[in-house]
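Per-entry structural report
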Amino acid sequence: GIVIIFLVAGRFIFGMKYTSVKMILTNYMSCFPNRNGKIKVIPIMYYFGLPFLVSIIVAYKKEMNSDIKNIITVIVTILTAMLFNILMLAIDMKSKIKNDENYYSMDAHLAEKSLIQTYYSVMFAILISIIILLICLFNVFVKSYGNIQSFLLYYFVSLLLINLFVIMKKIYMVIDADMKK
């Protein structure tokens, strides 16, 4: 409770925006535009609604316990390190595309767009990983597990898994186009 008070006071009283995640969420949502530039509703419902349904079912069937929390903590910690490496890879690949004169302009545009979306997706995945780790950390101190904590943990884990597939697809698109040359 005290941490939340400090975060709210820091944000609204002192104007500190270090913990703001609005930009990450906005940029992630921009990865789902239709031809008119508006955000597609169906992909958003799929990427956020499917984990919601899965987490309700799983939380109902199996309440979180310390073993599940420990396994998820280890896996998410490893994935977070991997995500930071993918982030560096995407940034490096984008700079190489800009500097490569042999890259066709259409291919360069598509690859650059995919890499930017990869960057946004990776940042979103890192944010989700941090939320998962915070939920697990919270439950270390509380040591009582309920349906709400189980639902939240399962929801963010499911969201992370779906987002990993999105990242994999975007990286595949860039590397596949490059390999076919």
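Reading the values: rules and limits
- Here the residue numbering is sequential within each chain, running from 1 through the sequence in written order.
- Two thresholds apply to this predicted model, a pLDDT of at least 70 for residue-level local features and 80 or more for giving and counting side-chain atom pairs, whereas whole-chain, interface and lining totals are computed over all residues.
- To obtain the side-chain values, all non-hydrogen atoms of the structure were used and water was disregarded.
- In DSSP terms, a helix is any run of H or I states spanning at least four residues, a strand is any run of E spanning at least two, and both are numbered starting from the N terminus.
- Note on classification: 1.4 Å probe, protein chains only; a residue is buried when its accessible area is under 20% of the maximum for its type, exposed when over 50%, partly exposed between these limits.
- In what follows, a contact means two residues having at least one pair of non-hydrogen atoms within 4.5 Å.
- Computed with a 1.4 Å probe, the accessible areas rest on the Shrake-Rupley method; for each residue, only the protein chains presented here act as cover.
- Aromatic rings from Phe, Tyr and Trp, with only the six-membered ring used for Trp, were paired whenever their centres fell within 6.5 Å, and each pair was classed as stacked if the ring planes differed by under 30 degrees, edge-to-face if by over 60, and tilted otherwise.
- Put simply, a nonpolar core is a bunch of buried Ala, Val, Leu, Ile, Met, Phe, Trp, Tyr and Cys residues held in one set by side-chain atoms that sit within 4.5 Å of each other.
- As a per-residue quantity, pLDDT reports the predictor's confidence and falls between 0 and 100.
- What a helix should span is 1.5 Å times the count of its residues minus one.
- Two axes enter the bend calculation: one fitted to the seven residues ending at the residue in question, the other to the seven starting there, and the bend is the angle between them.

Another aspect to go through is the overall build of the chain. Helix and strand counts for the chain come out as six helices and zero strands. Scanning the chain from its N terminus toward the C terminus, one meets helices and strands in the order α-α-α-α-α-α. Burial statistics for the chain: of 181 residues in total, 34% are counted as buried. When contacts within the chain are restricted to residue pairs at least 6 apart in sequence, those whose partners lie at least 24 apart make up 77%. Roughly 12,200 Å² of accessible area belongs to the chain as shown, and the carbon and sulfur atoms make up 70% of that amount.

Glancing now at the side chain of asparagine 163. With respect to the helices, strands and loops of the structure, asparagine 163 is situated in helix H6 (residues 147-179). Ignoring anything within four residues of it in the chain, the contact list for asparagine 163 reads Tyr28, Ser121, Phe124 and Ala125.

What follows concerns the packing of aromatic side chains. For the structure shown, the criterion picks out nine aromatic pairs. On the basis of an interplanar angle of 80° and a centroid distance of 6.4 Å, the ring pair of phenylalanine 52 and tyrosine 155 is categorised as edge-to-face. Here phenylalanine 52 is found in helix H3 (residues 41-61), whereas its partner tyrosine 155 is found in helix H6, with 103 residues between them in sequence.

Bringing the nonpolar core into the picture now. Ile72, Leu83, Ile132, Leu153, Leu160 and Ile167 are the most contacted members of the largest nonpolar core, which totals 32 residues. Elements that contribute at least two residues to this core include exactly H3, helix H4 (66-99), helix H5 (105-142) and H6. For this core, the leading source of residues is H6, giving 10 residues. Apart from residues lying up to four places away in sequence, leucine 160 is in contact with Val76, Leu79, Leu83, Ala125, Ile128, Ser129 and Ile132.

Right, let's get into the confidence of the model for the chain. Across the chain, pLDDT averages 81, with 81% of residues at or above 70. Within the chain, the lowest mean pLDDT, 64, falls on helix H1 (residues 2-12), and the highest, 88, falls on H3.

Glancing now at the environment of leucine 159. Tracing the sequence through the fold places leucine 159 in helix H6. Residue leucine 159 is classed as buried on the basis of its relative accessible area of 4%. It is 6.8 Å that separates the C-alpha atoms of leucine 159 and phenylalanine 48, two residues lying 111 residues apart in sequence. Residue contacts for leucine 159: discarding those within four places in its chain leaves Tyr47, Phe48, Pro51, Phe124 and Ile128.

The first and last C-alpha atoms of H3 sit 29 Å apart over 21 residues, in line with the 30 Å expected at 1.5 Å per residue. Of all bends in H3, the biggest is about 30°, found at glycine 49, and the proline proline 51 comes one to four residues later. If you check which residues of H3 are buried, you get Ile44, Phe48, Pro51, Ser55 and Ala59.

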